[in-house]
Each structure stands twice: as C-alpha cells, then as structure tokens.
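What follows is the residue order along each chain.
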Amino acid sequence: MGGSSTVTAIESLPLRSADEAFLGCQRAVVVAPHPDDETLGCGGAIALLQQRSIPVHVLVMSDGTQSHPDSKSYPADRLRVQREQETCAALKGLGISEPKVTFFRWPDTAVPGLGDQDFATAVDLCSESLQRCQPSLLFVPWQHDQHCDHRATWQIVQQAVSNWPQPPRQVVYSIWGDRAAGLPALPPGETGWRLDIRAVVAVKRQAVMAHQSQTTDLINDDPSGFRLTPAMLNNLIQPWETYLEVK
Ligand SMILES: [Zn+2]
C-alpha cells in the first residue's frame, strides 16, 4: 500500500470497431457462468460476429436454478428448461438462427472452482468442448467478478486451455464488477478496450429481455427471486461492451 494506484475510467478506454476488434477471428466461443451472461456480457459482440459470418458457440456452465430457489410454480427442473430456452431465444434475437449452445448444468452457485471435488471433471468437459470448437477467440468472465460461479468459470477455462500449444486469444468481460452491476472503473493493473456496439445495442436490449425469468414477473411466487432491475440493465447495456485483455 501507499502507492498511488491509478484507476482508469471505463469511458476512457479506446473504442474499437468490430472490424478492428475481430480482425483475423475465425471462430469464437463465449463462456457464460449462467444462462443470461452470454447476452448481458457479450450480446453486442455476438451480434456483430454473426453479421460477419464468424461462428459463435456458447458454453453455459451452471443450470441457473438458484435465481428463484423458493418458487413452487418453477421448481428447479422447470426453471432450468426455461432458462435454457431463454438463452436460445436470446441468441436467435442476436441473429443466430440455429444457436449452438452447450449446457454443462453444474448446480447454480456451486460451479466447481479450483480445489473443489468436481473441478477436474469440469475442466475435462470444458476442454472437450473447446477442442471441438477450436476457437480463435474466447470470451471469458472476469476472475474477480463478485459471483463465485463467474470466478470458478474463469478458473475452469484457464485450466482447460493451459496445455494448448497455441491457446486462443482471450477477452474478459465483467458482469458484477467488484461491487455492483457493471465495472465502474478498471481495476489497477488491468487494461482493456471497448467494443463499439451502437449498431446493435437495440438488438442486444431485445435479446436481454428474452431472459424473461430474470427481467419480468414471469415467476412471481418467490419473494427472494432475483430480478435484473432497470437500473442494473442500464448499467449493463451501454453503447459499448468493455473487454479486459492482456496482450
Ligand atoms: Zn452470472
């Protein structure tokens, strides 16, 4: 401590067009801890990649069933199906006519992280999927995100690509930042850029709303249920997407 750590405002990060940002990209994989993170974090990128005919495969780690743990109308099995359908609907909204999604269905809030019993299995499964997709660009959640599943997902992916002779380029997105929705500023030591998504931000907003269990009263019998509030959505949906990337 004692040193002055400079905090970079997100708005001061360089703005890149999709053509600059995705130069040379042949195949992309978006790794989402929960069904909705793919759209909240990378919806604009997915739409812009799709417009450039660059295939996108999505890996979803958890089953998403802890968003409404006490609902009687949506017990875990029904909620899981609902959330998987919402992810596919969101991806269709982003322009992918036949979404390619792999759902690993790890229990929500218990995606195995480093040191957990199922970590090696999670790494193996993730590794198999990545080997199949052979992405040149990989979207992963932030290692310090304020949600255990997001951090575990980052750990799984790092382990899965650790022995690739040529690991894919990785760009990192933050959903919950280090305290609230969105990353208010860049943490010390991190660097990144912003993807200009103005051309598709309306499409992204529509796609986010396809996650009806998270954005509407669809499930109204669980007072403890999670809701993406309008304030959170305003933080999360901007005319740009922020990506952290170490060269
Ligand atoms: Zn999440």
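Just so it is clear, the structure is predicted and the values come from calculations on it, not from any experiment. Numbers given for residues are sequential positions, taken from 1 along each chain in its written order. Local features in a predicted model are, by the rule used here, given only for residues with pLDDT of at least 70; side-chain atom pairs are given and counted only at 80 or more, and totals for whole chains, interfaces and linings are based on all residues. Water and hydrogen atoms were dropped before computing side-chain values, which therefore reflect all heavy atoms in the structure.

**Description of helix H5 (residues 148-161)**
Thought 1: The end-to-end C-alpha distance of H5, which contains 14 residues, comes to 20 Å, matching closely the 20 Å that a straight helix rising 1.5 Å per residue would cover.
Thought 2: Taken together, the buried positions of H5 are Asp 149, His 150, Ala 152, Thr 153, Ile 156, Val 157, Ala 160 and Val 161. In an axial view of H5, the angular spread of the buried residues amounts to 160°, which keeps them on one side of the axis. In this description a helix means any DSSP run of H or I spanning at least four residues, a strand means any run of E spanning at least two, and both kinds are numbered starting from the N terminus. The length a helix should cover is 1.5 Å for every residue beyond the first. Under the scheme applied here, a residue whose accessible area is under 20% of the maximum for its type counts as buried, over 50% as exposed, and between as partly exposed, the area being computed with a 1.4 Å probe on protein chains only. Directions are taken from the helix axis to each C-beta atom, and the arc is the one they span.

**Structural notes on the pattern of salt bridges**
Thought 1: What counts as a salt bridge is simple: a side-chain nitrogen of Lys or Arg found within 4 Å of a carboxyl oxygen of Asp or Glu. As enumerated under the stated definition, the model contains 8 salt bridges in all.
Thought 2: As a salt-bridge pair, Asp 36 and Arg 83 come within 3.4 Å of each other at their nearest N and O atoms. Pair noted here: Asp 36 is in the loop between strand E3 (28-32) and helix H2 (37-51) and Arg 83 is in helix H3 (residues 76-93), with a separation of 47 residues, a long-range link.
Thought 3: Arg 83 sits in the buried class, given a relative accessible area of 3%.

**Concerning the side chain of Ser 71**
Thought 1: You can see Ser 71 is positioned in the loop between strand E4 (56-62) and H3.
Thought 2: Counting of polar contacts relies on pairs of N or O atoms within 3.5 Å, with two restrictions inside protein: one atom must be capable of donating a hydrogen and the other of accepting it, and residues adjacent in sequence are counted only when both atoms are side-chain atoms. Within polar-contact distance, the side chain of Ser 71 engages the side chain of Ser 73 at 3.3 Å.
Thought 3: At 2.6 Å, the side chain of Ser 71 and the side chain of Asp 221 are in polar contact.
Thought 4: Residue contacts are defined here by distance: any two heavy atoms, one from each residue, within 4.5 Å place the two residues in contact. Sequence-distant contacts of Ser 71, that is, excluding residues within four places in its chain, are made with Ile 219, Asp 221 and Asp 222.

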